Amino acid sequence: SQQGEEDPQALSIQEGENATMNCSYKTSINNLQWYRQNSGRGLVHLILIRSNEREKHSGRLRVTLDTSKKSSSLLITASRAADTASYFCAFYGGATNKLIFGTGTLLAVQP
Amino acid sequence: ETGVTQSPTHLIKTRGQQVTLRCSSQSGHNTVSWYQQALGQGPQFIFQYYREEENGRGNFPPRFSGLQFPNYSSELNVNALELDDSALYLCASSPEQGAAGELFFGEGSRLTVL
């Protein structure tokens, strides 16, 4: 399957702690993206990292990409209860135009 | 700037019926992609439309079909509904086909098949 795999499947932390979620994929990519989804709602784009980049920051988000290991991680620092959501990595597989999503990590931030 | 809008937000159908879901793309976007998301899973690519033509399809049977109109809005049609078609259907638009950029999603249409 081309689908990305994410771990952990679920993560529960306290407010103020950092949350790290990982994504692995099997194909060559142009870029890797992370999206957030509040329960049963649409997905919101968070950050995009290109294949020639190793690390990118946006506010409290830090994304890393290791193309040799075909993996990426998303770090959310100083988490808040409002960060509670599902997080998905996504990438364009090979020469196709379809954005492929991972299996997702469900993050619960306890106040 | 108007975002992606989908209708209806919720609907209930019975097995064997047909359903049409609608999507208005974000202003200035000419490419629309449709995804199916079963409960607890990641979105699965159904197909993409660019300038009124299907431009890529995922592993879905022919009873899943679509249209894109000159104003770039789109419809997803599903015939002969099955119980497993129960899911959140997401529409996403993007400004350029093949640009490998971010997608802009609507809030989805939740379909329940009884």
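Scroll up a little and you will see the structure.
I will try to describe carefully the structure that is included in this document. (Residues numbered from 1 in each chain as written. Chains lettered and ligands numbered in written order. Predicted model: local features only at pLDDT ≥ 70, side-chain atom pairs only at ≥ 80, totals over all residues. Heavy atoms only, no water.)

What about the overall build of chain A?
Short version of the rule: Only DSSP runs of H or I reaching four residues or more are called helices, and only runs of E reaching two or more are called strands; each is numbered from the N terminus. With the radius of gyration taken over C-alpha atoms, the globule rule is written as 2.2 Å times the number of residues to the power 0.38. Type-normalised accessible area, obtained with a 1.4 Å probe on protein chains alone, sets the label of each residue: buried when under 20%, exposed when over 50%, and partly exposed for intermediate values.
Within chain A one finds zero helices and 11 strands. Since a compact globule built from 111 residues should have a radius of gyration of about 13 Å, the 13 Å found for chain A is in line with a globular shape. Each principal axis of the C-alpha distribution contributes one length, and for chain A these read about 45 × 30 × 20 Å. Considering chain A as a whole, with its 111 residues, one finds that 48% of them fall into the buried category.

Structural notes on the overall build of chain B
Which entries qualify depends on this criterion: Whether two residues touch is decided by their heavy atoms; if any such pair falls within 4.5 Å, the residues are in contact. Charge counting treats Lys and Arg as positive and Asp and Glu as negative, with His and both chain ends excluded. A charged residue contributes its charge at one atom only: NZ of Lys, CZ of Arg, CG of Asp or CD of Glu.
Broken down by element type, chain B carries zero helices and 11 strands. Secondary structure of chain B in N-to-C order comes out as β-β-β-β-β-β-β-β-β-β-β. Its C-alpha atoms give chain B a radius of gyration of 13 Å, within 12% of the compact-globule value 13 Å for 114 residues. The 114 residues of chain B split such that 48% are buried. Of the contacts made within chain B by residues no fewer than 6 positions apart, 53% connect residues no fewer than 24 positions apart. Measuring between centres, the 7 positive side-chain charges of chain B sit 9 Å from its 11 negative side-chain charges.

Details of the pairing of strand S4 (residues 31-37) of chain B
All names here are of chain B. Filter applied, for reference: The criterion for strand pairing is that DSSP finds at least two bridges linking the strands in question.
In terms of residue burial, S4 counts as a mostly covered element, since seven of its seven residues are buried. Side-chain alternation along S4 places Thr31, Ser33, Tyr35 and Gln37 on one buried face and Val32, Trp34 and Gln36 on a second face that is also buried. With six bridges connecting them, S4 and strand S5 (residues 44-50) associate as antiparallel partners. Bridge pairing in S5 links Val32 to Tyr49. In this sheet, strand S9 (residues 87-94) lies alongside S4 in antiparallel orientation, the contact comprising seven bridges. Within the sheet, the bridge partner assigned to Ser33 lies in S9 and is Ala92.

What about the state of the cysteines?
Every disulfide links exactly two cysteines, by a covalent bond between their sulfur atoms. All names here are of chain A. Stated precisely, the cut-off is as follows: Cysteine sulfur atoms are paired as a disulfide whenever they come within 2.5 Å of each other.
Throughout the structure, instances matching the rule amount to two disulfides over all chains. Cys23 shares a disulfide with Cys89; S-S distance 2.1 Å. In this structure the cystine formed by Cys23 and Cys89 twists about its S-S bond by roughly 65 degrees; its chirality is therefore right-handed. Placement of the pair is Cys23 in strand S3 (residues 19-24) and Cys89 in strand S9 (residues 85-92), with a sequence separation of 66 residues.

Digging into the packing of aromatic side chains
Put simply, the test is: In summary, the pairing rule links any two rings of Phe, Tyr or Trp, Trp by its six-membered ring, whose centres are within 6.5 Å, and it sorts them by plane angle into stacked for under 30 degrees, edge-to-face for over 60 and tilted for everything else.
What the rule picks out here adds up to nine aromatic pairs over all chains. When the centroid spacing of 5.8 Å and the interplanar angle of 85 degrees are considered together, the rings of Tyr35(A) and Phe105(B) count as edge-to-face. Here the residue Tyr35(A) occupies a position in strand S4 (residues 31-37), and Phe105(B) occupies one in strand S10 (residues 104-105), the pair thus bridging two chains. The burial state of Tyr35(A) is the same as that of Phe105(B); both residues are buried. Each member of the aromatic cluster is reached from another via a ring pair, and the members are Tyr35(A), Phe101(A), Tyr35(B), Phe45(B) and Phe105(B).

Focus: the layout of surface pockets
What counts here: For each structure, a 1 Å grid was placed over the protein atoms alone; sets of points admitting a 1.4 Å probe that cannot get out are labelled cavities, open sets with protein on both sides within 12 Å along at least five of seven lines are labelled pockets, and lining residues have an atom within 4 Å of a point. Grid points are joined across faces, edges and corners, and a volume is the space filled by probe spheres set on the points. In the scheme used here, Gly and all other residues not listed as nonpolar or charged are polar, with Ala, Val, Leu, Ile, Met, Phe, Trp, Tyr, Cys and Pro taken as nonpolar and Asp, Glu, Lys and Arg as charged.
Taken as a whole, the largest pocket holds about 420 Å³ of empty space. Along the walls of the largest pocket sit 21 residues, with Gln37(A), Ser86(A), Phe88(A), Gly40(B) and Gln41(B) positioned nearest its centre. Mapped onto the lining of the largest pocket, the elements with two or more residues apiece are S9 and strand S11 (105-110) of chain A. Counted by class, the lining of the largest pocket contains seven nonpolar, 13 polar and one charged residues.

A word on unusual backbone geometry
For residues that are not glycine, phi is negative in most cases, and the peptide bond is trans in most cases. Between Asp7(A) and the following residue, Pro8(A), the backbone shows a cis peptide bond with an omega angle of -5 degrees. Within the element layout of this structure, Pro8(A) appears in the loop between strand S1 (5-7) and strand S2 (10-14). Going from Ser7(B) to Pro8(B), the amide bond is cis rather than trans, its omega being -10 degrees. Tracing the backbone shows Pro8(B) in the loop between strand S1 (5-7) and strand S2 (10-13). Even without glycine at this site, Glu52(B) takes up a positive phi of about 75 degrees. With respect to the helices and strands, the residue Glu52(B) is situated in the loop between S5 and strand S6 (53-57). Judged by relative accessible area, Glu52(B) falls into the partly exposed class, the value being 43%. A positive phi angle, near 75 degrees, is found at Tyr72(B), a position not held by glycine. Residue placement: Tyr72(B) occurs in the loop between strand S7 (64-68) and strand S8 (74-78).

Function cannot be inferred from these measures alone, as they are strictly geometric.
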